[in-house]
Each structure stands twice: as C-alpha cells, then as structure tokens.
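# Reading the structure
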Amino acid sequence: GAVLGALGARTSVDEDRARVVCTDGATVGKLLALAGADRAAEAWASARDRRHLRNVATRLTNADGANLRRTLDAAESQRDIVDRAVAQVGWGGLPEDVRSVALARLVNPTASLAEIGELCDPPVGKSAVHRRIQRLAAIADGDSGS
C-alpha cells in the first residue's frame, strides 16, 4: 500500500484477503513496469485500451438508439397531429405551407425535420418545419385562428 501511495495511487487494503486494491488504472501499469513485468504491463494496457474503446462505442450506440427512438416518437406524434388537423378543417382548410409539411410528414413517417424541410418547395429549415407543425397542432386543437 505504501509503495502505491508513493506513486500517488488511490488504494485500499483488504486485510482479510491479504491484498492491496489499487483503483487507479494508470498506476497499475506503472507498477507492473517498475516490477520489470514489461509484457504484462503491455498486455494490461492493451486490455485497458480495448475496454475503454468498447465502453465508448457502447455509450455512442446507446445514445444513437435513444435519439432514434425520440425521433420516431416525435414523428408518430406529428402524424397524429396531421390526422387531427385534417379532421378539423380538411386538407383544403390548411394553409398551403402547412399542408406541404403535413403531406411530407405523412408520406415520410421516419424523416427528420430537416429532411421534411428539404422536401418542401421551396426547401425550408428545421425551425420553419417545427413552426408549421405547431400551427398544425393549433388547428388540430380547434384553434384555427393561428
């Protein structure tokens, strides 16, 4: 424990099992190298690097999956808004710019807002698509004064 402490490592002593536990990964590699176990130090560092890369990849995959689920949930909600707005005023009762976004959403159920905007003529940005969907929601809720 004292040697590891001198290296600046965070350690704890497990008296029952007669061992010192080092919770600082970089220090483990240094200690193996100091002990002359160069191949063991290299193998340990390589395994540590692989674990780190795998953890990063898993985090990114999980984040991508969560983002995709949120996008699909939002698109489903937007399709419901379109259906309710059309039920309120009919397709002819929707302003042209709102109607084009509504049609693009129905025909492209998994498209992002940016992709929906690219389908409009002329193309518009995500914020314009979002505002038009908000207008659709107002119409769907019976507030056709928007």
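Above this text sits the structure in question.
Now for a description of the structure that goes with this document.

Cut-off values and rules
- Residues numbered from 1 in each chain as written.
- Predicted model: local features only at pLDDT ≥ 70, side-chain atom pairs only at ≥ 80, totals over all residues.
- Heavy atoms only, no water.
- Helix = DSSP H or I, 4+ residues; strand = E, 2+ residues; numbered from the N terminus.
- Buried < 20%, exposed > 50% of the residue type's maximum accessible area, 1.4 Å probe, protein only.
- Contact = heavy atoms within 4.5 Å.
- Areas by Shrake-Rupley, 256 points an atom, 1.4 Å probe, with all protein chains shown as cover.
- Salt bridge = Lys/Arg side-chain N within 4 Å of Asp/Glu carboxyl O.
- Core = buried A, V, L, I, M, F, W, Y, C linked by side-chain atoms within 4.5 Å.
- Axes fitted to C-alpha atoms, helices over the stretch in contact; angles between N-to-C directions.
- Parallel < 35°, antiparallel > 145°, perpendicular 65-115°, else oblique.
- Left-handed = near helix turned anticlockwise from the far one by under 90°.
- Nonpolar A, V, L, I, M, F, W, Y, C, P; charged D, E, K, R; others polar.

The next subject is the overall build of the protein. In terms of regular secondary structure, the protein is built from six helices and two strands. Beginning at the N terminus, the succession of helices and strands in the protein can be written as α-β-β-α-α-α-α-α. Counting across all 146 residues of the protein, residues that qualify as buried make up 24%. The long-range fraction of contacts in the protein, counting pairs at least 24 apart against all pairs at least 6 apart in sequence, stands at 38%. Carbon and sulfur atoms form 53% of the exposed surface of the protein, whose accessible area is close to 9500 Å².

The tally for this structure, following the rule as stated, stands at five salt bridges. Between Glu96 and Arg99 there is a salt bridge, and its shortest N-O distance comes to 2.4 Å. Note that Glu96 and Arg99 are positioned in helix 4 (residues 96–107) at a spacing of three residues, about one turn of the helix. Among the ionic pairs, Arg132 bridges to Asp97, the shortest N-O distance being 3.7 Å. Of this pair, Arg132 sits in helix 6 (residues 126–140) while Asp97 sits in helix 4, and the two are 35 residues apart along the sequence. For Arg132, a relative accessible area of 15% gives the class buried. Here Asp97 falls in the partly exposed class, since its relative accessible area comes to 25%. Through salt bridges that share partners, Asp80, Arg84 and Asp141 make up one connected network.

Among the nonpolar cores identified, the biggest contains 18 residues, and Ile81, Ala85, Leu94, Val101, Ile116 and Leu136 are the most heavily contacted of them. Elements that contribute at least two residues to this core include exactly helix 3 (38–89), helix 4 and helix 6. If one sorts the elements of this core by residue count, helix 6 sits on top with six residues. Once you skip the residues sitting within four places of it in the chain, Ile116 turns out to touch Val101, Ala104, Arg105, Asn108, Ala111 and Val129.

Interhelical geometry of helix 3 versus helix 6 gives an angle of 50° and a closest axis separation of 8 Å. As summarised for this structure, helix 3 and helix 6 are arranged oblique, according to the angle between their axes. In this structure, helix 3 crosses over helix 6, and the sense of that crossing is left-handed. Here helix 3 contributes Gln78, Ile81, Val82, Arg84, Ala85, Gln88 and Val89 to the contact with helix 6, which in turn contributes Ile133, Leu136, Ala137, Ile139 and Ala140. Grouping the amino acids of the contact of helix 3 with helix 6 by side-chain chemistry returns nine nonpolar, two polar and one charged.

Before going further, it helps to spend a moment on unusual backbone geometry. Among all residues save glycine, negative phi is the norm, and among peptide bonds the norm is trans. The peptide bond linking Asp121 to Pro122 adopts the cis configuration, its omega dihedral lying at 0°. Mapped onto the elements of the fold, Pro122 is located in the loop between helix 5 (113–119) and helix 6.

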